[in-house]
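# Analysis of the macromolecular model
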Amino acid sequence: AQSVSQHNHHVILSEAASLELGCNYSYGGTVNLFWYVQYPGQHLQLLLKYFSGDPLVKGIKGFEAEFIKSKFSFNLRKPSVQWSDTAEYFCAVNPWDNNDMRFGAGTRLTVKP
Amino acid sequence: NAGVTQTPKFQVLKTGQSMTLQCAQDMNHEYMSWYRQDPGMGLRLIHYSVGAGITDQGEVPNGYNVSRSTTEDFPLRLLSAAPSQTSVYFCASRGLAGYTGELFFGEGSRLTVL
């Protein structure tokens with residue numbers, strides 16, 4: 001089965017700083033890739049997704065992610081974070097040949113005002 | 001817009017007790033799943049279903065049972081609760097036809113087993 005690794009457990013940034021959260025997966029076949037966000041006390045919401053085509057995908061709230069197939073990576077970026085981006089971020093992988101979506105352990109982002 | 005509804009939101013059990021977490025969705029989604037969320041471990045898939053009468057195991061199925069008698073409902077049963085099952089449980093659903101991949105999550109059920 002596939003697995004997902006998120007390199008950073010807790011990231012602390014000041015407002016306006018740039019953000020990059022790492023995500024690597026292990027699976028030999030074709031996959032769909034996702035980033036979900038969980039704001040404090042809320043359920044998970046989709047931030048962005050990659051199915052095929054342009055490896056640079058843009059999501060909501062100014063987030064983007066780049067799929068690098070050779071590195072099995074799908075890193076999340078934002079040029080300038082805001083205090084309201086404080087949340088936990090989860091990378092997820094869903095292979096094309098099964099219905100099993102696996103999540104990474106999550107990265108907690110704290111943005112200081 | 002109800003979406004995915006989970007009940008109860010909070011529950012405290014004693015070791016050995018049984019209970020059922022309810023999940024219902026009103027989006028006519030074929031796929032439904034249960035995850036547990038634990039600190040430092042992200043979300044782990046417990047069981048999932050691709051339609052009424054069809055269920056399958058995920059990553060951490062031991063200690064949990066599921067059934068899918070209707071498209072709308074996907075209850076999760078703990079037959080004999082253990083402290084290791086203390087967690088936050090999320091139900092999620094998505095369509096299979098016209099697949100977009102996006103999972104729609106419920107609000108979560110926080111379970112404490114003493």
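## Considerations on unusual backbone geometry
Along the chain, B:T7 connects to B:P8 via a cis peptide bond; the corresponding omega equals -5 degrees. Its place among the elements puts B:P8 in the loop between β1 (4-7) and β2 (10-13). For A:A16, which is not glycine, the phi dihedral falls at a positive 80 degrees. Mapped onto the fold, A:A16 is located in the loop between β2 (10-14) and β3 (19-21). Looking at A:A16, the relative accessible area reads 54%, which means it is exposed. Of note in the backbone geometry, A:F72 takes a positive phi value of approximately 50 degrees without being a glycine. Structurally, A:F72 is set in the loop between β8 (64-68) and β9 (73-78).

## Overview of the interface of chain B and chain A
Each partner contributes to the interface: chain B provides 22 residues, whereas chain A provides 19 residues. Here chain B meets chain A over a buried area of about 1700 Å², counting both sides, of which 53% is carbon and sulfur. For the pair chain B and chain A, the number of links is 1 salt bridge. One salt bridge connects A:R102 with B:E59, and the closest N-O pair in it is separated by 3.8 Å. Where chain B packs against chain A, one counts 5 residue pairs in polar contact (both at pLDDT 80 or more). Contributing elements (two or more residues each) for the side of chain B that touches chain A: β4 (31-38), β5 (42-51) and β9 (87-94) of chain B. By residue number, the principal contributor to the side of chain B that touches chain A is β5(B), which donates 5 residues. Considered class by class, the residues forming the side of chain B that touches chain A number 12 nonpolar, 6 polar and 4 charged.

Parameters and conventions
- Residues numbered from 1 in each chain as written.
- Chains lettered and ligands numbered in written order.
- Predicted model: local features only at pLDDT ≥ 70, side-chain atom pairs only at ≥ 80, totals over all residues.
- Heavy atoms only, no water.
- Helix = DSSP H or I, 4+ residues; strand = E, 2+ residues; numbered from the N terminus.
- Buried < 20%, exposed > 50% of the residue type's maximum accessible area, 1.4 Å probe, protein only.
- Contact = heavy atoms within 4.5 Å.
- Buried area = accessible area lost by both parts, 1.4 Å probe.
- Salt bridge = Lys/Arg side-chain N within 4 Å of Asp/Glu carboxyl O.
- Polar contact = N/O pair within 3.5 Å; in protein donor to acceptor, adjacent residues only side chain to side chain.
- Nonpolar A, V, L, I, M, F, W, Y, C, P; charged D, E, K, R; others polar.

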